Amino acid sequence: MTIGRALFFIILILGCKSGAEGVAISSAEQDAFEETTGEPVVIADAEKEYEITIIDPGFYSWLKSFARAEGYYSQSFLEHRNAIYVVNWNQRVLLPGAYPSNLYEWPIDYDPQIDYGYEVNYKLYNYFIYFQRKYDQRLGPFIPRL
């Protein structure tokens, strides 16, 4: 076996191993996931005429308790990640037999060319992180870390 082939197999094995990394969920975070009551989180802008309401009961307390503080991420980082997550989410909405249809019921109308502002991108990004951690889903190549 040549050195090039051996190196290829080592990289291939390491690549497979890193993709299998799990997400550690603390008992406090699991408690937030299991909440059955909670305030809906509304993301709205009357001027731009859009509204997203997240009714998952544990999200509000998870957002306040586990998400990174506002300002931690740049708006461009959030926009980039949201664009990737929305594409994958919407593909799953269109493939109800391949993914749990009770998780992917409605498409998300998100246009990366529109400046939704920091708050909208922050809350949407954190919902995607919450969703992936709670339901053990992957909406992109990134491991949903806190």
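Heads up: the structure comes first, above all this text.
Not measured: the values here are computed from a predicted model.

Asks: Give me the lowdown on the layout of surface pockets, citing residues and values where you can.
Replies: Over the atoms rolls a probe the size of a water molecule, and its path tells where empty space is left. Put simply, the largest pocket is a space of about 580 Å³. In this structure, the largest pocket is lined by 18 residues; those nearest its centre are Thr53, Ile55, Trp89, Trp106 and Tyr127. Counting residues per element, the ones that place at least two in the lining of the largest pocket are β2 (50–54) and α5 (118–135). Here the lining of the largest pocket is composed, by residue class, of 12 nonpolar, 2 polar and 4 charged.

Asks: Describe α5, listing the residues and the values that go with them.
Replies: When the terminal C-alpha atoms of α5 are compared, their 26 Å separation across 18 residues agrees well with the 26 Å that a helix rising 1.5 Å per residue should span. In terms of burial, α5 is a largely internal element, 14 of the 18 residues being buried. Backbone geometry just downstream of α5 places Asp136 in the positive-phi region, at approximately 50 degrees.

Asks: How would you explain the side chain of Gln132 if you had to name every residue and give the values?
Replies: The residue Gln132 is located in helix α5 in this model. Since its relative accessible area comes to 1%, Gln132 is described here as buried. Contact partners of Gln132, with chain neighbours within four places excluded, come to Tyr85, Gln137, Arg138, Leu139, Gly140, Phe142 and Pro144.

Asks: Quick one: what's the story with the pattern of salt bridges, residue by residue and with numbers?
Replies: Applying the stated criterion across every chain yields a total of 4 salt bridges. The salt bridge involving Arg133 is made with Glu29; its shortest N-O contact spans 2.7 Å. Here Arg133, found in helix α5, pairs with Glu29, found in helix α2 (residues 27–33); they are 104 residues apart in sequence, far enough to count as distant. By relative accessible area, which is 8% here, Arg133 ends up buried. Take Glu29: its relative accessible area is 1%, and that puts it in the buried class. For Lys123, the salt bridge goes to Glu119, with nearest N and O atoms at 2.8 Å. Residue Lys123 and its partner Glu119 are located together in helix α5, separated by 4 residues, close to a single helical turn. On the accessibility criterion, Lys123 (14% relative accessible area) is buried.

Asks: I'd like a rundown of empty space enclosed by the protein, residues and numbers included.
Replies: Using the criterion set out here, one finds 1 cavity of 30 Å³ or more in the structure. What the largest cavity holds in volume is close to 40 Å³. What lines the largest cavity is Trp62, Phe66, Ala67, Arg68, Tyr73, Tyr125, Asn126, Ile129, Arg145 and Leu146. Its residues assigned to classes, the lining of the largest cavity comprises 7 nonpolar, 1 polar and 2 charged.

What counts and how
Each residue is numbered by its place in its chain's sequence as written, counting from 1. Residue-level local features of this predicted model are given only where pLDDT is at least 70; pairs of side-chain atoms are given and counted only at 80 or more, and the full residue set underlies all totals for whole chains, interfaces and linings. As a convention, hydrogens and water are excluded, and side-chain values are obtained from all of the structure's heavy atoms. Every definition here rests on a 1 Å grid over the protein atoms only: cavities are sets of points where a 1.4 Å probe fits but cannot get out, pockets are open sets enclosed by protein on both sides within 12 Å along at least five of seven lines, and lining residues have some atom within 4 Å of a point. Grid points are joined across faces, edges and corners, and a volume is the space filled by probe spheres set on the points. For helices the rule is a DSSP run of H or I covering at least 4 residues; for strands it is a run of E covering at least 2, with both sets numbered from the N terminus onward. Classification used: nonpolar for Ala, Val, Leu, Ile, Met, Phe, Trp, Tyr, Cys and Pro, charged for Asp, Glu, Lys and Arg, polar for all others including Gly. Here the expected span of a helix is defined as 1.5 Å times the quantity of residues minus one. The classification of residues rests on relative accessible area computed with a 1.4 Å probe and restricted to protein chains. Under 20% of the type maximum is buried, over 50% is exposed, and intermediate values are partly exposed. Whether two residues are in contact is decided by their heavy atoms, any of which lying within 4.5 Å being enough. Basic side-chain nitrogens of Lys or Arg form a salt bridge, by our definition, when they fall within 4 Å of a carboxyl oxygen of Asp or Glu.

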